[in-house]
Amino acid sequence: MTAGNAWKSLTAGGNSKGILLAVDFDTTGRPEARFADLLTNLVNAGPAFAAWETVPPPAAAEAARSGAGYLDHWTLGLADLAGTDGAWPEVRAVLGFCGGAIYASALAERIAERQGNAPLLVLFDPELSTAQTLIWQFHKVIGFLSAVISEQQIAEAREMGQKAFDEIPDVMELKHELLRLMREFGEPALIAAGLDETRREELFAVFESFLCYLAAASQIDPLPQWRSAVAYSSTSPLSGLNAMRSAGLEIEVGEEIRVDTDHGVMLADKELASAVARLLDS
C-alpha cells in the first residue's frame, strides 16, 4: 500500500503514541537489511506502530534536483496519510539509515514545526553525503561489471571517474558526469551479458535514482539535528560514525548506542529491534 507516490506502508499496526516514518533508499535486490526487517522485529518486541517509508521521486522529476525538493515531495505526501478530518497523524519518530539519516533530520525538523513537538530522531549508522560518497558508489557499481568487461576497461572507467572527482567540485555536476560514464561503460557490458533494453534501463534507472538521492542530500546540513538524535552504530569500521571518525570527523549526536552487528544486517538484528522498541515506548 502506498500514500500517493511518496510513502509506502511497512506495517498495518497502530498505536496511540503515533506513527513512525523511515527514510532509506530501498530497492529490489539490495544486499543490506531494510526497515521492513526492523519493523517485523519491532512488532514482536513491543507495541505495534503504523510505519511508513519514503519513496524517492523519479530521477527525472523536478523534486529530484535538490535536497529541498526531496523534502517537499515527502512532506506533501504526508497529506495522503491524513485521517478523514484532514489532520496529519502524530509522528512519534523519524528513522534514518545511512545517508537517509540526512533527510530524516530535516524531515523531523519540518514535522516538529507542523505538529508543535519534535518527534524522536533515531539514526542507524548515519553518514554524510559528499563527492567522495558518489565516487565510492561509482567504483562499486563499475566493479559489478568485471564479469563481462576486461580488467583494462574496469581500470579505465575508474580512472575516468576519479578524474571527474578530482576536477568537478560541484556534487550535482559530478553526479551528471558519473551517470554519463556509467552509461558509456555499462551499456556495452550489459548488452554483452545478454540483458534486453528494458532490463538495462531498469538497472540504469536505479543507479541514477540512487546518485540523485545522494547528491541532493549533500545540500542538507543535518548536524544541528543530529545533536539531539539517538544513533545506533554497528561494528563495521567503514560505516556510519565509525567511518567518519576514521576520516577525522568528530560528529556529535545526542546519544550513541553501539550494537554488536555488521552494518549490512543491523536493521534485521533482533536485539537492536528490542532496544528501539524500548526507546519508542519510553
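See the structure above.
Read on for a plain summary of the structure.

The rules behind the values
- Residues numbered from 1 in each chain as written.
- Predicted model: local features only at pLDDT ≥ 70, side-chain atom pairs only at ≥ 80, totals over all residues.
- Heavy atoms only, no water.
- Helix = DSSP H or I, 4+ residues; strand = E, 2+ residues; numbered from the N terminus.
- Expected span 1.5 Å × (residues − 1).
- Buried < 20%, exposed > 50% of the residue type's maximum accessible area, 1.4 Å probe, protein only.
- Polar contact = N/O pair within 3.5 Å; in protein donor to acceptor, adjacent residues only side chain to side chain.
- Phe/Tyr/Trp six-rings, centres within 6.5 Å; stacked < 30°, edge-to-face > 60°.
- Axes fitted to C-alpha atoms, helices over the stretch in contact; angles between N-to-C directions.
- Parallel < 35°, antiparallel > 145°, perpendicular 65-115°, else oblique.
- Left-handed = near helix turned anticlockwise from the far one by under 90°.
- Contact = heavy atoms within 4.5 Å.
- Nonpolar A, V, L, I, M, F, W, Y, C, P; charged D, E, K, R; others polar.
- 1 Å grid on protein atoms, 1.4 Å probe; cavity = no way out; pocket = protein on both sides within 12 Å on 5 of 7 lines; lining within 4 Å.
- Points joined across faces, edges and corners; volume = space filled by probe spheres on them.

Let us now look at helix α10 (residues 270-281). A rise of 1.5 Å per residue sets the reference length of α10, with its twelve residues, at 16 Å; its end C-alpha atoms lie 16 Å apart and thus fit the reference within 8%. Taken residue by residue, α10 has Leu-272, Ala-273, Ala-275, Val-276, Ala-277, Leu-279 and Leu-280 as its buried positions. Two or three places before Glu-271, at the start of α10, stands the capping residue Asp-269, its side-chain oxygen 3.1 Å from that residue's backbone nitrogen.

On to the packing of aromatic side chains, then. According to the stated counting rule, one finds ten aromatic pairs in the structure shown. Each ring, one from Phe-25 and one from Tyr-213, has its centre 5.3 Å from the other, and the planes form 55°; the classification is tilted. Remark: Tyr-213 occurs in helix α7 (residues 197-217) and Phe-25 occurs in the loop between β3 (19-23) and α1 (35-45); sequence separation between them is 188 residues. The same class applies to Phe-25 as to Tyr-213, namely buried. Relative to Trp-74, the ring of Tyr-70 has its centre 5.7 Å away and its plane inclined at 55°; by these criteria the two rings are tilted. Taken together, the positions of Tyr-70 and Trp-74, both in helix α2 (residues 67-77) and four residues apart, correspond to about one turn of that helix. Of the two residues, Tyr-70 and Trp-74, both sit in the buried class. Chaining the aromatic ring pairs together yields one cluster made of Phe-25, Tyr-70, Trp-74, Tyr-103, Phe-210 and Tyr-213.

All right, on to the packing of helix α5 (residues 151-167) against helix α6 (residues 171-192) then. Working note: a packed helix pair is described by the angle between its axes plus the distance between those axes. Between α5 and α6, the least distance of the axes is 10 Å, while the angle of their chain directions is 165°. Taken as axis vectors, α5 and α6 run roughly antiparallel relative to one another. α5 and α6 meet at a crossing whose hand is right-handed. Contact with α5, carried on its side by Gln-153, Glu-156, Ala-157, Met-160, Gly-161, Ala-164 and Phe-165, involves Leu-174, Glu-177, Leu-178, Arg-180, Leu-181, Glu-184 and Phe-185 of α6 and no other residues of that element. For the contact of α5 with α6, the per-class residue count stands at eight nonpolar, two polar and four charged.

Before going further, it helps to examine the layout of surface pockets. Volume-wise, the largest pocket comes out at about 1600 Å³. Taken together, 47 residues form the lining of the largest pocket, with Glu-32, Trp-136, Gln-137, Lys-140 and Phe-210 sitting closest to its centre. Taken together, the elements giving at least two residues each to the lining of the largest pocket come down to α4 (131-143), α6, α7 and α9 (240-246). Of the residues in the lining of the largest pocket, the class split is 25 nonpolar, 14 polar and eight charged. Of the voids in this model, the second largest pocket is the one considered here, and its volume is about 160 Å³. Taken together, 13 residues line the second largest pocket, and the ones lying closest to its centre are Phe-25, Asp-26, Thr-27, Val-55 and Pro-56. Each residue belonging to the lining of the second largest pocket can be placed in one class, and the counts come to seven nonpolar, three polar and three charged.

The analysis is restricted to geometry; functional conclusions fall outside its scope.
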